[in-house]
Amino acid sequence: MKDIHIGMIGYKFMGKAHSNAYRSLPMFFPKATKPNMSVICGRDSKQVEQAAEQLGWNEYVTDWQDVIARPEIDLIDINAPSNMHKEIALAAVQAGKHIFCEKPLALSLADSREMLVAAKQAGIVHMIGFNYRFSPAVRLAKKLIDSGRLGKIRHFRAWFLQDWLLDPNFPLVWRLQKEIAGSGSHGDLGAHLIDLAHYLVGDMQEVIGMSETFIKQRPLATEMTGLSAKGNQDGPQGDVTVDDATLFMSRFVNGALGSFEATRFAAGHRSTNSFEINGSLGSVKFDFERMNELEVYFTSDEADTQGFRRVLATDDVHDYMDAWWPPGHTIGFEHTFIHEMLEMMNAITEQRQASPNFEDGVKCQAVLEAVERSIEERRWIHIAEM
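Residues numbered from 1 in each chain as written. Predicted model: local features only at pLDDT ≥ 70, side-chain atom pairs only at ≥ 80, totals over all residues. Heavy atoms only, no water.

Opposite charge on two side chains makes pairing possible when the charged atoms of those side chains draw close. All chains considered together, the criterion is met by 26 salt bridges. Residues D111 and K86 are paired through a salt bridge, measuring 3.0 Å at the closest nitrogen-oxygen approach. One end of the pair, D111, is in helix α5 (residues 109-122); the other, K86, is in helix α4 (residues 85-94), with 25 residues separating them in the sequence. A salt bridge links D360 to R133, with the nearest nitrogen and oxygen atoms 3.3 Å apart. Taken as a pair, D360 in helix α10 (residues 358-377) and R133 in the loop between β6 (126-129) and α6 (136-146) lie far apart in primary sequence, 227 residues in all. Using a relative accessible area of 5% as the deciding quantity, one classes R133 as buried. Through salt bridges with shared partners, one network takes in R373, E377, R379 and E385. (Salt bridge = Lys/Arg side-chain N within 4 Å of Asp/Glu carboxyl O. Helix = DSSP H or I, 4+ residues; strand = E, 2+ residues; numbered from the N terminus. Buried < 20%, exposed > 50% of the residue type's maximum accessible area, 1.4 Å probe, protein only.)

One open sheet accounts for six strands, arranged β3-β2-β1-β4-β5-β6; its pairing is parallel. Strands at the two margins of the open sheet, each flanked by one partner only, are β3 (59-61) and β6. For this sheet the average axis-to-axis angle between neighbouring strands, irrespective of direction, equals 20°. Across the sheet, helix α9 (residues 333-350) lies against β1 (4-9), β2 (35-41), β4 (75-78), β5 (98-102) and β6, angled at about 160° from β5, the strand it touches most. (Pairing = 2+ DSSP bridges. Axes fitted to C-alpha atoms, helices over the stretch in contact; angles between N-to-C directions. Contact = heavy atoms within 4.5 Å.)

Side chains that are nonpolar tend, in soluble globular proteins, to be buried together. Core analysis: the biggest nonpolar cluster contains 115 residues, and F29, F156, L200, M204 and F275 have the highest contact counts within it. When neighbours within four sequence positions are excluded, F29 is seen to be in contact with Y320, A323, W324, I338, H339 and L342. By size, the runner-up hydrophobic cluster in this structure holds 10 residues, among which are W164, F170, V173 and V240. (Core = buried A, V, L, I, M, F, W, Y, C linked by side-chain atoms within 4.5 Å.)

Attention now goes to the packing of aromatic side chains. Overall, the coordinates contain 20 aromatic pairs when judged by the stated rule. Relative to F160, the ring of Y132 has its centre 5.9 Å away and its plane inclined at 80°; by these criteria the two rings are edge-to-face. Here Y132, found in the loop between β6 and α6, pairs with F160, found in strand β7 (residues 153-161); they are 28 residues apart in sequence, far enough to count as distant. F160 carries the same exposure label as Y132, and that label is buried. Ring geometry for F156 and F275: centres 5.9 Å apart, planes at 20°, overall stacked. Here the residue F156 occupies a position in strand β7, and F275 occupies one in strand β15 (residues 272-279), the gap between them amounting to 119 residues. (Phe/Tyr/Trp six-rings, centres within 6.5 Å; stacked < 30°, edge-to-face > 60°.)

Okay, the UniProt feature "domain: Gfo/Idh/MocA-like oxidoreductase N-terminal" (unreviewed entry) in the chain next. On the UniProt side, "domain: Gfo/Idh/MocA-like oxidoreductase N-terminal" (unreviewed entry) is annotated at positions that read residues 4-130 here. As annotated, residues 4-130 has a helix share of 45% and a strand share of 23%, and its two end C-alpha atoms lie 21 Å apart. (UniProt positions renumbered as here; feature names shortened; annotations may be inferred.)

The next thing to look at is the sheet that holds strand β8 (residues 204-212). Strand order in the open sheet made by the nine strands is β18-β17-β16-β15-β7-β14-β13-β8-β19, with mixed pairing throughout. In this open sheet, the two strands that pair with only one neighbour each are β18 (309-312) and β19 (381-382). Strand direction decides the pairing type here: strand β13 (residues 245-252) and strand β14 (residues 257-263), joined by seven bridges, are antiparallel. Pairing of R251 across the sheet is with L257, part of β14. In this fold α6 packs onto β7, β15, β16 (282-287), β17 (293-298) and β18, with an angle of close to 25° to the strand it touches most, β17. Contacts from α10 reach β8, β13 and β19 within the one sheet, and its direction differs from that of β8 by about 60°.

Next up, the structure:
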């Protein structure tokens, strides 16, 4: 297959991560079909022009409909704010374009389901951006579980802790507005934990949760870039309409128990994305701040040497690592996106569905909304109710 021509809508935090992945892919995975960075789109003409030059795109535009209308474009990459995902994706489906969409798929379960149905009917390749699945250490955890080496899984506990909103004078960025973001730490951070749970352990049966918004109002933002912003603390204030922290428990279909915590108010935690899984024959622990490592414990070890061992997932035996550096030379956050885009390119070339895809996005959204309903109604919610 010839190059896959990409039109990307969005250019800030995720836009930079995706652009780096497209540029790096041919160097480290030369057998994959090459991504052609055709056109990038953003609403601010000056900023998107700068982004196109900095990130390596051939052209820039300010109208996303222009991108979708171009016959040469094969893949639409959506990393615009969450409230735009559905409209752009449905237009891309109508035009027969393949789609990579950052999470969340949409602001509601109903909208997510509509996007999935449309994509399936059109027969396009669709993928959602759950990049943490693509860490080699996480893939190792998956292999240990699927092979039965951990035995029957009993517990999944996960936490995603950040502290970038501790300052009450931090401005009201779009991620703090429900009509744009959908939810706060729950949908932004918790969604990754939910997807990892689905990927590693399986489907959830029921959930119960609680949440809190610690800072109810913040100064209006005058400038936003990624996770940073500027505003006047003495100026007008706006309401924070999403959660600052959400915790929930779950019961999996296979009988395992789960606990999940997502917050942006954990002082000292820049981005602690971690999980621990306990099985009848062993356990694993993972922390993305040390993403090249997986802690592994087996009950079959001799009594005098039992304990968690640190496995450095950088040897060729681990997923993707034969493309990178000699053993012991670690990789980073940006590499998860390169692996993610490798899956997207391969799926298009091989004419198969990508993984994770819109079905995984819908499944995640169902859990997110079940937790929200649980908080509102103060009861256990079965996922089947959604």
